[in-house]
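Given next are the chains, with one letter for each unit.
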Amino acid sequence: MKRQEFLRELQLALQGQLSQAVISDNIRYYDNYISEEVQKGVSEESVIESLGNPRLIAKTLIDTTDQYGRAANSDYDPQDFTQEESGKGFRAGYSREGGWDIRLGRLKLNSWIGKILLAAVAILVIVVVANVVAFLLPILVPVILIILLCSLIFGNRR
């Protein structure tokens, strides 16, 4: 199969299922991908063969994209991989479709693995604080008692 046949078949399979802008973006993406691989020395036929059936690609795109071109029901957000925000810092956002999206870098904190990680960090902090208190308590209690006794015995003299 040639590039134009592949792209035409992909476009026909997407037609009427997604907006024209989304279809154009996907056609441009696959056209660029094929061009890049050919520039690397891979034959056009083997690139198209490795991509697979364009109708299967179209079905996957339709199933995972809503009518406006956003990823539907997935944790993938193309904004997470932009150059200026390369996953640094804490971000929280809300959408009507997906609810809350709380991220620390690229880690989604309101996913099951994020919740487990947060619980582990909380337990670790509690253990460290408890150990520091347990270490300092035998030292601090006598010091505090001595200060209290001195203030009681000597009073408030000026």
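Here we summarise the structure given alongside this text. (Residues numbered from 1 in each chain as written. Predicted model: local features only at pLDDT ≥ 70, side-chain atom pairs only at ≥ 80, totals over all residues. Heavy atoms only, no water.)

1. Let's talk about the sheet that holds strand S2 (residues 99-104)
Turning to step 1, where the next piece is worked out: Strand order in the open sheet formed by three strands is S1-S2-S3, and the pairing between neighbours is antiparallel. Either end of the sheet is taken by a strand with one partner, and the two such strands are strand S1 (90-95) and strand S3 (107-108).
Turning to step 2, where the next piece is worked out: Relative to S2, S1 runs antiparallel, the two sharing six bridges. The residue bridging Tyr94 from the neighbouring strand is Trp100, located in S2. (Pairing = 2+ DSSP bridges. Helix = DSSP H or I, 4+ residues; strand = E, 2+ residues; numbered from the N terminus.)

2. Comments concerning helix H1 (residues 3-14)
Turning to step 1, where the next piece is worked out: Compared with an ideal rise of 1.5 Å per residue, which puts twelve residues at 16 Å, H1 spans 17 Å between its outermost C-alpha atoms and is within 8% of the ideal.
Turning to step 2, where the next piece is worked out: Along H1, the residues classified as buried are Arg3, Phe6, Leu7, Leu10, Ala13 and Leu14. Looking straight down H1, one finds its buried side chains confined to an arc of 130°; they lie on one side. When the buried face of H1 is taken as reference, the exposed residues oriented beyond 90 degrees from it are Gln4 and Leu12.
Turning to step 3, where the next piece is worked out: Looking at the buried residues of H1, the elements they touch are helix H2 (20-39), helix H3 (44-51) and helix H4 (54-64).
Turning to step 4, where the next piece is worked out: Taken from the residues just after H1, Gly16 is the one with a positive phi, measuring 85°. (Expected span 1.5 Å × (residues − 1). Buried < 20%, exposed > 50% of the residue type's maximum accessible area, 1.4 Å probe, protein only. Arc of directions from axis to C-beta. Contact = heavy atoms within 4.5 Å.)

3. Here's the deal with the pattern of salt bridges
Where side chains of opposite charge bring their charged atoms close, a pairing between them can arise.
Turning to step 1, where the next piece is worked out: Counting across every chain of the model gives seven salt bridges.
Turning to step 2, where the next piece is worked out: Residue Lys2 pairs with Glu45 through a salt bridge whose shortest N-O separation is 3.2 Å. You can see Lys2 sitting in the segment before H1 and its partner Glu45 sitting in helix H3, a full 43 residues away along the chain.
Turning to step 3, where the next piece is worked out: The residue Asp31 makes a salt bridge to Arg3 at a minimum N-O spacing of 3.0 Å. Pair noted here: Asp31 is in helix H2 and Arg3 is in helix H1, with a separation of 28 residues, a long-range link.
Turning to step 4, where the next piece is worked out: Looking at Asp31, the relative accessible area reads 25%, which means it is partly exposed.
Turning to step 5, where the next piece is worked out: The buried category is assigned to Arg3, whose relative accessible area is 16%.
Turning to step 6, where the next piece is worked out: Members of the salt-bridge network, linked through shared partners, are Arg3, Asp31 and Glu44. (Salt bridge = Lys/Arg side-chain N within 4 Å of Asp/Glu carboxyl O.)

4. Looking at the packing of aromatic side chains
Turning to step 1, where the next piece is worked out: In total, this model carries two aromatic pairs according to the counting rule given.
Turning to step 2, where the next piece is worked out: Between the aromatic rings of Tyr29 and Tyr30, the centroid separation amounts to 5.0 Å while the plane-to-plane angle is 85°, which identifies the pairing as edge-to-face.
Turning to step 3, where the next piece is worked out: Residue Tyr29 is classed as partly exposed on the basis of its relative accessible area, which comes to 47%.
Turning to step 4, where the next piece is worked out: The buried category is assigned to Tyr30, whose relative accessible area is 12%.
Turning to step 5, where the next piece is worked out: Here the aromatic cluster, defined as three or more aromatic residues joined through ring pairs, consists of Phe6, Tyr29 and Tyr30. (Phe/Tyr/Trp six-rings, centres within 6.5 Å; stacked < 30°, edge-to-face > 60°.)

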